[in-house]
Amino acid sequence: MSLYPEIEPYDHGMLDVGDGNRVYWEVCGNPLGKPAVLLHGGPGSGCTPGFRRYFDPDAYRIVLLDQRGSGRSTPHASDPATDMGVNTTKHLLADLELLRRHLRVERWLVWGVSWGSVLGLRYAQTYPDRVSELVLTGLATGSQAEVDLLTRGLGRVFPEAWAAFRDGVPEADRDGDLAEAYLRLLSSGDAEVRARAARAWTDWETAIAMAAPRSVARYEDPVFRAGFARTVTHYFANGHWLGEDGVVLRDAGALRGIPGVVVQGSLDFGNLVGVPWRLQLGWGDGELVVVGDVGHDAGAEGIASAVVRATDGFR
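These numbers were taken from a predicted model, which means no experiment stands behind them.

Caption draft 1: Up close: the overall build of the protein chain. When its secondary structure is counted, the protein chain shows 10 helices and eight strands. Since a compact globule built from 315 residues should have a radius of gyration of about 20 Å, the 19 Å found for the protein chain is in line with a globular shape. Seen through its C-alpha atoms, the protein chain measures out along the principal axes to roughly 55 × 40 × 35 Å. When each of the 315 residues of the protein chain is scored for burial, the buried share is 57%. In the protein chain, 71% of the contacts between residues at least 6 apart in sequence involve partners at least 24 apart. Accessible area for the protein chain stands at about 13,300 Å²; split by element, carbon and sulfur atoms hold 51% of it. Here the protein chain holds 31 positive side-chain charges and 41 negative ones, and the gap between their average locations is 3 Å.

Caption draft 2: Fine view of the sheet that holds strand β1 (residues 11-18). Across the sheet, which stays open at both edges, the eight strands sit in the order β1-β2-β4-β3-β5-β6-β7-β8 with mixed pairing between neighbours. The open sheet has two edge strands with one neighbour each: β1 and β8 (286-291). The sheet shows a mean angle of 20 degrees between the axes of neighbouring strands, taken without regard to direction. Note: strand β6 (residues 131-137) against strand β7 (residues 260-265), four bridges, orientation parallel.

Caption draft 3: Inspection of the state of the cysteines at higher detail. For the coordinates displayed, the defined rule picks out zero disulfides. This cysteine, C28, is not joined by any disulfide, and C47 carries the nearest cysteine sulfur, 10 Å off.

Caption draft 4: Spotlight on the packing of aromatic side chains. Scanning the model with the defined rule gives 16 aromatic pairs in all. Taking 5.2 Å as the distance between ring centres and 70 degrees as the angle between the ring planes, the aromatic pair formed by F55 and Y60 counts as edge-to-face. A single burial state applies to F55 and to Y60, both of which are buried. Each ring, one from F165 and one from W201, has its centre 5.3 Å from the other, and the planes form 65 degrees; the classification is edge-to-face. Of this pair, F165 sits in helix α4 (residues 159-166) while W201 sits in helix α6 (residues 191-208), and the two are 36 residues apart along the sequence. Both residues of the pair, F165 and W201, belong to the buried class. Between the NZ or CZ atom of R218 and the centre of the ring of F228, over which it lies, the distance is 5.4 Å.

Thresholds, definitions, all that
- Residues numbered from 1 in each chain as written.
- Predicted model: local features only at pLDDT ≥ 70, side-chain atom pairs only at ≥ 80, totals over all residues.
- Heavy atoms only, no water.
- Helix = DSSP H or I, 4+ residues; strand = E, 2+ residues; numbered from the N terminus.
- Rg over C-alpha atoms; globule rule 2.2 N^0.38 Å.
- Buried < 20%, exposed > 50% of the residue type's maximum accessible area, 1.4 Å probe, protein only.
- Contact = heavy atoms within 4.5 Å.
- Areas by Shrake-Rupley, 256 points an atom, 1.4 Å probe, with all protein chains shown as cover.
- Lys, Arg positive; Asp, Glu negative; His and termini not counted.
- Charge placed at Lys NZ, Arg CZ, Asp CG, Glu CD.
- Pairing = 2+ DSSP bridges.
- Axes fitted to C-alpha atoms, helices over the stretch in contact; angles between N-to-C directions.
- Disulfide = S-S within 2.5 Å.
- Phe/Tyr/Trp six-rings, centres within 6.5 Å; stacked < 30°, edge-to-face > 60°.
- Lys NZ or Arg CZ within 6 Å of the ring centre and 35° of its normal.

Right, dumping it as structure tokens:
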């Protein structure tokens, strides 16, 4: 794998973004280098040190942040007292702009992973003059078709795991919006109900990632599990807070003039609704790189190598 060596941040902090929220950020690499920002997935996954290694540290000023409610940002979504009403796409876009100004960045390369690709696309469509390039991995656009695929459609591919996932909600809710049903459980005043729902949700996430049962280490952390499941369902049940279904693909033309690369695994389930090809058609300036025999995993060897080639190419 062609990742760069491990590095440590030379600066970090907690940015007061309002609404009682403080967002963790860090910067590593070359202080005078080309600015680049990483938008993590989930929503609610938070950043990990490995993301620093996809950029040449001699060429890039690498910015990582934990989006509201995740990672080291406060308050954390795992706390039932945390107000999720101020955790929406609009808020995350405003946070990103506030951080850009705080770090005195004029324009930056935006790398979005999974949910981060939704956020990165919407950021570029809203602030095209602030984005020098886009790199997207595990592409998603936040459409209802994608949510339906992930919460119900894949039940035909993983029937046993899906039956357990479906049965994790009350019987009256099993034929309805499963994300909404889980969100209600994850918002319960009963800690046991919340814990069971978080475990059931992450077990399903593990199954569709085609990993061995509960082999994803982060899902064994009850704090991560609770915050992640609550944040994902909060977004899934509310159209990813995009305001209009399909808006990211509809506005793909706003990306013209922004060069970019989409690195997509050939086995990524998002391909079943045609997202990468539909985006490429509307964008026009984005290159689609399909990596064979891998799925929705930015850490897979072929995916990682292709992302590094993309960031190297934009140096």
